[in-house]
Amino acid sequence: MQRLLEIDQNLTKQLQLPPETPAWIRRFLDIVAHTADWWLWTIIPLIISLLNPAWKTRMLALAAGVFGLALIITLIKTLARRARPDPVDSAALLKIDAHSFPSGHAARVVFLAIIAFLFGWPFLGILGLLWTVLVSYSRMVTGHHYLTDVIFGLVIGVIAALAFWKLILMML
């Protein structure tokens, strides 16, 4: 197991941005990395549910799904207790969430992309998959996550989306 962790650390270091990367690129990737924050994607469906009553049930369910996924990720992070790679630029992040395994952002973006497809919104699903690539990449290159954190986050997000969909179908 230790050997696998070393390989993961080495691969992650190779993926990280070199120190000479311009500040604007680092900032852009850091912004992209945070476009999938859990609180944002819990609030957005709630706002949509208020603005469009026809989508109220779907949006409330989606908000609950995103929040539930955040709880699952937090539980796994608490149990795994894997420290984030160096360097993480944000001291505030380490105070809020010092653990990196699995990537909640990767889980959330793929969850949302799959749900968009399942809701019958293929254009949003395709955009969601592109967003998944950008967020997942940015989480690694900015030093927030190891490669395996992102991979496992993506797997958890896919499983959560399919389980969420199954639950929605059972409820309707």
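Details of the structure are given in the entry above.
The numbers attached to residues start from 1 for each chain and follow its sequence in the written order. Residue-level local features of this predicted model are given only where pLDDT is at least 70; pairs of side-chain atoms are given and counted only at 80 or more, and the full residue set underlies all totals for whole chains, interfaces and linings. Side-chain numbers here rest on the full set of heavy atoms in the structure, without hydrogens or water.

(A) Broad picture of the side chain of serine 100. Here a helix means four or more residues in a row that DSSP labels H or I, a strand means two or more in a row labelled E, and each is numbered from the N terminus. The topology assignment puts serine 100 in the loop between helix H5 (91–96) and helix H6 (104–118). Not counting residues within four places of it along the chain, the set of residues in contact with serine 100 comprises Lys77, Arg82, Ala83, Arg84, Pro85, His144, His145, Tyr146 and Asp149. Residue contacts are counted whenever heavy atoms from the two residues lie within 4.5 Å of one another.

(B) Seen up close, the pattern of salt bridges. Salt bridges are counted wherever a side-chain nitrogen of Lys or Arg sits within 4 Å of a carboxyl oxygen of Asp or Glu. For the structure shown, the criterion picks out three salt bridges. One salt bridge in this structure joins glutamate 6 and arginine 3, with 3.6 Å as the shortest N-O distance. Of the two residues, glutamate 6 and arginine 3 are both situated in helix H1 (residues 2–15); the distance of three residues between them amounts to about one turn of the helix. Only protein chains enter the accessibility calculation, which uses a 1.4 Å probe; a residue is then buried when its area is under 20% of its type maximum, exposed when over 50%, and partly exposed in between. Among the residues examined, glutamate 6 registers a relative accessible area of 33% and is labelled partly exposed. The exposure class of arginine 3 is exposed, given its relative accessible area of 54%. Among the ionic pairs, aspartate 30 bridges to arginine 27, the shortest N-O distance being 3.3 Å. Highlighted residues: aspartate 30 and arginine 27, both in helix H2 (residues 23–33), separated by three residues, approximately one helical turn.

(C) Region of interest: the nonpolar core. Residue types Ala, Val, Leu, Ile, Met, Phe, Trp, Tyr and Cys, when buried and joined through side-chain atoms within 4.5 Å, form a set referred to as a nonpolar core. Ranked by internal contacts, the top residues of the largest apolar core, which has 24 residues, are Leu62, Leu69, Phe111 and Ile115. Every element with two or more residues in this core is listed here: helix H4 (56–80), H6, helix H7 (122–141) and helix H8 (147–171). Of all the elements, H6 adds the most residues to this core, at seven residues. In contact with isoleucine 115, other than residues within four places in its own chain, are Leu62, Ala161 and Phe164.

(D) Quick look at the packing of aromatic side chains. Two rings belonging to Phe, Tyr or Trp (six-membered ring only in the last case) form a pair when the distance between their centres is within 6.5 Å. Interplanar angles under 30 degrees mark stacking, angles over 60 mark edge-to-face geometry, and anything in between is tilted. If you walk through the whole model with that rule in mind, you get seven aromatic pairs. On the numbers, 5.2 Å between centres and 40 degrees between planes, the contact of tryptophan 55 with tryptophan 121 is tilted. Placement of the pair is tryptophan 55 in the loop between helix H3 (40–51) and H4 and tryptophan 121 in the loop between H6 and H7, with a sequence separation of 66 residues. Owing to a relative accessible area of 36%, tryptophan 55 belongs among the partly exposed residues under this scheme. In this structure tryptophan 121 comes out as partly exposed when scored by relative accessible area, which is 22%. Among the aromatic residues, ring-to-ring pairing joins Trp55, Phe119, Trp121 and Trp165 into one connected group. Placement of a positive charge over a ring is assigned whenever Lys NZ or Arg CZ falls within 6 Å of the ring centre and within 35 degrees of the normal to the ring plane. Over the ring of phenylalanine 119 we find arginine 58, and its NZ or CZ is 4.7 Å from the ring centre. Between the NZ or CZ atom of arginine 82 and the centre of the ring of tyrosine 146, over which it lies, the distance is 3.8 Å.

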